[in-house]
Amino acid sequence: MLPRVADSLSFLYLDMVRVVQDDTGVCAQIQVDDHTDTVYVPTAALSCLLLGPGVSITTRALATLARHGTSVVCTGSGGVRTYAAVLPDSLTTHWLEQQVTAWSDPDRRLDIAVRMYAMRFGADVPESVTLDQLRGMEGQRMKALYRILAQQHGIGRFRRNYHPDQWEQQDPVNLALSAANTCLYGIVHAALLALGCSPALGFVHAGNQHAFVYDIADLYKADTTLPVAFSLHQSDNPEPEARRKFREELRLFRLLPRIVQDLQNLLTPDADTTEPPDRHDVDMVHLWDPQAGVLPAGVNYAPEDT
């Protein structure tokens, strides 16, 4: 499925409701005083349904969502963390195949890493740059960004530290940044699952089941989590405040459609993804052939004379 970036219903978040299937379709019910309000969910128009912690859902509703090819993702409040997902068997492997093809080719993998850097910092990258040089350039840019944000908020020199075994000893900015980044990772994770990509196959990060999540999340930290974290440098309770503030400001970014568009552009830079089709469901499994490409399944390929 290729979610329409221009369609605000490509991703729908629900919370504090009961999702059921009635005679008409899938609906979200909420009890208000002495009556029940009902809102019907446009399952056929949805690519991904995000369920917050206050949602209960019936198996009949899940079955209908699966038939319509809608991915169901269980998230934290506001959709800022991802815990589990139910992916329909009709979900296309198109973007997963694009990801694996690029990931397994060292040249294309480096090219995507370079384009990620250009997207993050809006800067041209010299030709023939190595990944080691790219890491050094990224480190310099981040130090400069930390310095600018520290000066803007009137704090001393800032150094990014993440020590899980010394969590309580960290300064408010580091605590807030870790909390906000966790929220951002959940949103990116949900988008990757909705597209059918593997969160584990990263192009810069590696060795972790969330490597690609970290790659994509890095594209947005300068605009989202970093300003939030530095604004809380005097907070006495930076972690919950960072999560709440990040969630409130997230509405301004429309981040999920932006992630989808950026991901498509990274994996298929020469393709036109400005107006992708609503769906790209796979009705039947195909067969792979190194010469002929994709062949139809359900066909007996034995020679006719046998």
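How each quantity is defined
- Sequence order sets the numbering: in each chain, residues are counted from 1 along the sequence as written.
- Given that this is a predicted model, residues contribute local features only at a pLDDT of at least 70 and side-chain atom pairs are listed and counted only at 80 or more, while totals for whole chains, interfaces and linings are drawn from all residues.
- Side-chain metrics rest on all non-hydrogen atoms present in the structure, leaving aside hydrogens and water.
- Per the convention used, a helix needs a DSSP run of H or I reaching at least four residues, while a strand needs a run of E reaching at least two, with both numbered from the N terminus.
- For every residue, the accessible area obtained with a 1.4 Å probe (protein chains only) is divided by the maximum for its type, and the residue is called buried under 20%, exposed over 50%, and partly exposed between those limits.
- Contacts are assigned to residue pairs that have any heavy atoms within 4.5 Å of one another.
- Residues counted as positive are Lys and Arg, residues counted as negative are Asp and Glu, and His and the chain ends are not counted.
- Every charge is mapped to an atom, namely NZ of Lys, CZ of Arg, CG of Asp or CD of Glu.
- Structural elements are reduced to axes, namely lines fitted to C-alpha atoms, with helices fitted over the stretch in contact, and the angle between N-to-C directions of any two is expressed from 0 to 180 degrees.
- Each angle receives one of four descriptions, namely roughly parallel if under 35 degrees, roughly antiparallel if over 145, roughly perpendicular if within 65 to 115, and oblique otherwise.
- Handedness of a crossing follows from how the near helix is turned relative to the far one, being left-handed for an anticlockwise turn of less than a right angle and right-handed for a clockwise one.
- Whether a set of points on the 1 Å grid over the protein atoms alone is a cavity depends on a 1.4 Å probe fitting there but being unable to get out, while an open set qualifies as a pocket with protein on both sides within 12 Å along at least five of seven lines; lining residues are those with an atom within 4 Å of a point.
- Grid points are joined across faces, edges and corners, and a volume is the space filled by probe spheres set on the points.
- Lys, Arg, Asp and Glu make up the charged group, whereas Ala, Val, Leu, Ile, Met, Phe, Trp, Tyr, Cys and Pro make up the nonpolar group; the residues left over, Gly among them, are polar.
- Picture the helix axis, draw a direction to every C-beta atom, and the arc is the one those directions span.
- The patches reported here contain residues having more than 30% relative accessible area and no salt bridge. Joining distances are 9 Å for like charges and 5 Å for nonpolar side chains (Val, Leu, Ile, Met, Phe, Trp, Tyr).
- The method behind every accessible area is Shrake-Rupley, applied with a 1.4 Å probe, and residues are considered shielded solely by the protein chains displayed.
- What counts as a salt bridge is simple: a side-chain nitrogen of Lys or Arg found within 4 Å of a carboxyl oxygen of Asp or Glu.
- Known as pLDDT, the predictor's per-residue confidence is scaled from 0 to 100.
- We call a set of buried Ala, Val, Leu, Ile, Met, Phe, Trp, Tyr and Cys residues a nonpolar core when their side-chain atoms join them within 4.5 Å.
- Two strands qualify as a pair provided that DSSP identifies no fewer than 2 bridges between them.

Moving on: the overall build of the protein. The helix and strand inventory of the protein stands at nine helices and 10 strands. With respect to the three principal axes, the spread of C-alpha positions in the protein is 80 × 65 × 35 Å. Buried positions account for 42% of the 306 residues belonging to the protein. A separation of at least 24 residues holds for 60% of the contacts in the protein among residues at least 6 apart in sequence. The protein carries 25 positive and 37 negative side-chain charges, and their two centres are separated by 9 Å.

Across the interface, helix 5 (residues 172-195) lies against helix 9 (residues 255-267) with an axial gap of 10 Å and an inter-helix angle of 55°. Taken together, the axes of helix 5 and helix 9 are oblique relative to one another. Crossing handedness for the pair helix 5 and helix 9: right-handed. Facing helix 5, whose interface residues are L184, I187, V188, A191, L192 and L195, helix 9 presents L255, L256, I259, V260, L263 and Q264.

As a further point, take empty space enclosed by the protein. For the structure on display, the rule yields one cavity of 30 Å³ or more. The residue makeup of the lining of the largest cavity, split by class, is four nonpolar, no polar and three charged.

Further remarks concern helix 1 (residues 59-67). For helix 1, every residue scored as buried is listed here: A61, T64 and L65. Along the axis of helix 1, the buried positions cluster into a sector of 100°, meaning they face one direction only. Away from the buried face of helix 1 by more than 90 degrees, exposed residues T59, R60 and R67 are located. Check the buried side of helix 1 and you find it contacts strand 2 (18-21), strand 3 (26-32), strand 5 (48-51), strand 6 (56-57) and strand 7 (71-75). Count one or two residues on from helix 1 and you reach G69, which has phi positive near 75°.

Another point: a nonpolar patch on the surface. Together, L287, V299 and Y301 give the surface a local cluster of nonpolar side chains, amounting to about 260 Å² of exposed area. Relative to the helices and strands, Y301 resides in the segment after strand 10 (293-296). Among the residues examined, Y301 registers a relative accessible area of 44% and is labelled partly exposed.

Let us look at the confidence of the model for the protein. Taken as a whole, the protein shows an average pLDDT of 85; of its residues, 90% reach a score of 70 or greater. Segment residues 1-9 is flagged for pLDDT under 50; beyond a separation of four residues in sequence, or across chains, it makes 43 contacts in the model. Per-residue pLDDT stays below 50 along residues 274-282; that stretch engages in 30 contacts with residues further than four places along the chain or on separate chains.

Close approach of charged atoms lets side chains of opposite charge pair. This model, assessed by the stated rule, comprises five salt bridges. With a shortest N-O distance of 3.1 Å, R115 and D111 are connected by a salt bridge. In this pair, R115 and D111 are both assigned in helix 3 (residues 106-121), four residues apart and thus about one turn of the helix distant. On the basis of relative accessible area, R115 is assigned to the partly exposed category, the value being 22%. With relative accessibility at 37%, the residue D111 sits in the partly exposed group. Across the salt bridge formed by K221 and D218, the nearest N and O atoms sit 3.0 Å from each other. Of the two residues examined, K221 and D218, each falls in the buried class.

Further remarks concern the nonpolar core. Note that soluble globular proteins tend to have their nonpolar side chains buried in a common cluster. Grouped together as the largest cluster of nonpolar side chains are 33 residues, with contacts concentrated most on M116, V188, I216, I259 and L263. Where this core is concerned, the elements lending two or more residues are strand 5, helix 2 (94-104), helix 3, helix 5, helix 6 (211-217), helix 8 (238-250) and helix 9. At nine residues, the largest contribution of residues to this core is made by helix 5. When residues no more than four places from it in sequence are discounted, the contact partners of M116 are F203, V204, F212, D215, I216, L219 and L266. Of all hydrophobic cores here, the second largest spans 24 residues; its members include L134, M137, F158 and A176.

Quick look at the pairing of strand 4 (residues 35-40) now. With six bridges joining them, strand 3 and strand 4 adopt antiparallel strand pairing. Looking at the pairing, I30 lines up with D37 of strand 4.

Turning to the side chain of T82, a few remarks are in order. Mapped onto the elements of the fold, T82 is located in strand 8 (residues 82-86). T82 sits in the buried class, given a relative accessible area of 15%. The contact partners of T82, leaving out residues within four places of it in the chain, are V73, C74, T75, G186, H189, A190 and L193.

Any empty space left between the atoms is revealed when a probe the size of a water molecule rolls over them. What the largest pocket holds in volume is close to 680 Å³. Y185, H205, Y214, D218 and K221 are, among the 29 residues lining the largest pocket, the residues nearest its centre. Broken down by secondary-structure element, the contributors of at least two residues to the lining of the largest pocket are helix 3, helix 4 (131-152), helix 5, helix 6, helix 7 (225-231) and helix 8. When its residues are assigned to classes, the lining of the largest pocket shows 15 nonpolar, five polar and nine charged.

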